[in-house]
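Understanding the architecture of this molecule
Given next are the chains, with one letter for each unit.
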Amino acid sequence: MAIRYRIMRNNILRDKNYGKYYALTVKNSEVTLEDIEREIQENCSAKVSDVRLVMRELFDTIRRMMQDGHVVNMGELGKMYIAVTSTPADTPEEFRTDRNITGFRCAYTPCGHRYGSGAGEKSGKIHRLLTDGCKAKKLGIRN
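Notes on the structure in this doc start here. (Residues numbered from 1 in each chain as written. Predicted model: local features only at pLDDT ≥ 70, side-chain atom pairs only at ≥ 80, totals over all residues. Heavy atoms only, no water.)

Some thoughts on the layout of surface pockets
Here the idea is plain: a probe the size of a water molecule rolls over the atoms and shows the empty space left. As a reminder, the rule being used: Throughout, the protein atoms alone are placed on a 1 Å grid, and a set of points is a cavity if a 1.4 Å probe fits but cannot get out or a pocket if it is open with protein on both sides within 12 Å along at least five of seven lines; lining residues have an atom within 4 Å of a point. Grid points are joined across faces, edges and corners, and a volume is the space filled by probe spheres set on the points. Numbered from the N terminus, helices here are DSSP runs of H or I no shorter than four residues, and strands are runs of E no shorter than two. The residue classification treats Ala, Val, Leu, Ile, Met, Phe, Trp, Tyr, Cys and Pro as nonpolar and Asp, Glu, Lys and Arg as charged. All others, Gly included, are polar.
In this structure, the largest pocket encloses a volume near 380 Å³. Forming the boundary of the largest pocket are 16 residues, of which Met 55, Leu 58, Phe 59, Ile 62 and Met 80 lie nearest the centre. Looking at the lining of the largest pocket, the elements with two or more residues in it are α1 (33-43), α2 (48-67), β4 (79-86) and β5 (101-109). The leading source of residues in the lining of the largest pocket is α2, at 8 residues. Each residue belonging to the lining of the largest pocket can be placed in one class, and the counts come to 13 nonpolar, 1 polar and 2 charged.

So this is what it looks like as structure tokens:
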């Protein structure tokens, strides 16, 4: 299967790329945790209930580790951590947690490696393992 996309026209007047065309990903249906559990059961000797138990404990453990300030390295899946969002203060003394911290977000960095200087056109770019084997399929143009 391929990653499907449509060609879209940029209709944002103030954008420097106004009127130009770009690719927009067209997503397939959503896959649920239950779908993943069933597929794992089909591919190994674990039952859905075993997979569900491990997935639930994995979530709880990752959440606890991230809330303790750790970066959770999930190997080939990548790394996750919790980052704060905040508004600025004029001085460090004026910064207050209750006023300037506005929330939290989950940051995710997929596993990958940076190509070295001898890699030609790819030099300095990052190769992501999750995109290995990806292909694109054009669906159409939308104005």
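There is more to say after this.
Focus on the side chain of Glu 37
Heads up, the condition is: We call two residues in contact when some of their heavy atoms are within 4.5 Å.
With respect to the helices, strands and loops of the structure, Glu 37 is situated in helix α1. What Glu 37 contacts, discounting residues up to four positions off in sequence, is Val 48, Val 51 and Arg 52.

What about a nonpolar patch on the surface?
Applicable threshold: A residue counts toward a patch only above 30% relative accessible area and without a salt bridge, and it is joined to like-charged neighbours within 9 Å or, for Val, Leu, Ile, Met, Phe, Trp and Tyr, to nonpolar neighbours within 5 Å. Each accessible area is a Shrake-Rupley estimate made with a 1.4 Å probe; only the visible protein chains count as cover when residues are assessed. By definition, a salt bridge exists where a carboxyl oxygen of Asp or Glu is found within 4 Å of a side-chain nitrogen of Lys or Arg. Think of it in three bands: with a 1.4 Å probe and only protein chains considered, a residue is buried below 20% of the maximum accessible area for its type, exposed above 50%, and partly exposed in between.
Residues Val 31, Leu 33, Ile 36 and Ile 40 make up a contiguous nonpolar surface patch of about 310 Å² in total accessible area. The residue Val 31 is located in the loop between β2 (21-26) and α1 in this model. Among the residues examined, Val 31 registers a relative accessible area of 55% and is labelled exposed.

Remarks on the packing of aromatic side chains
Rules: Centres within 6.5 Å make a pair out of two Phe, Tyr or Trp rings, where for Trp the six-membered ring is used; the pair is then stacked when the planes are under 30 degrees apart, edge-to-face when over 60, and tilted otherwise. Charges are assigned to positions over rings by a cutoff of 6 Å between ring centre and Lys NZ or Arg CZ, combined with an angular limit of 35 degrees from the ring normal.
Here the structure, examined in full by the defined rule, presents 0 aromatic pairs. Over the ring of Tyr 18 we find Arg 9, and its NZ or CZ is 5.3 Å from the ring centre.

Topic: the sheet that holds β4
Rules: Here, strands pair whenever DSSP counts at least two bridges between them. Only C-alpha atoms enter the line fits that serve as axes; for helices the fit covers just the stretch in contact. Angles between N-to-C directions range over 0 to 180 degrees.
Ordered in space as β3-β4-β5, the 3 strands form an open sheet in which the pairing is antiparallel. Sheet topology places β3 (72-73) and β5 at the edges, where each strand pairs with a single neighbour. Bridge analysis of β3 against β4 gives 2 bridges, and the strand direction is antiparallel. Bridge pairing in β4 links Val 72 to Met 80. Of the strands in this sheet, β3, β4 and β5 touch α2, which is tilted by about 45° from β4.

Any functional reading would require information that these geometric values do not contain.
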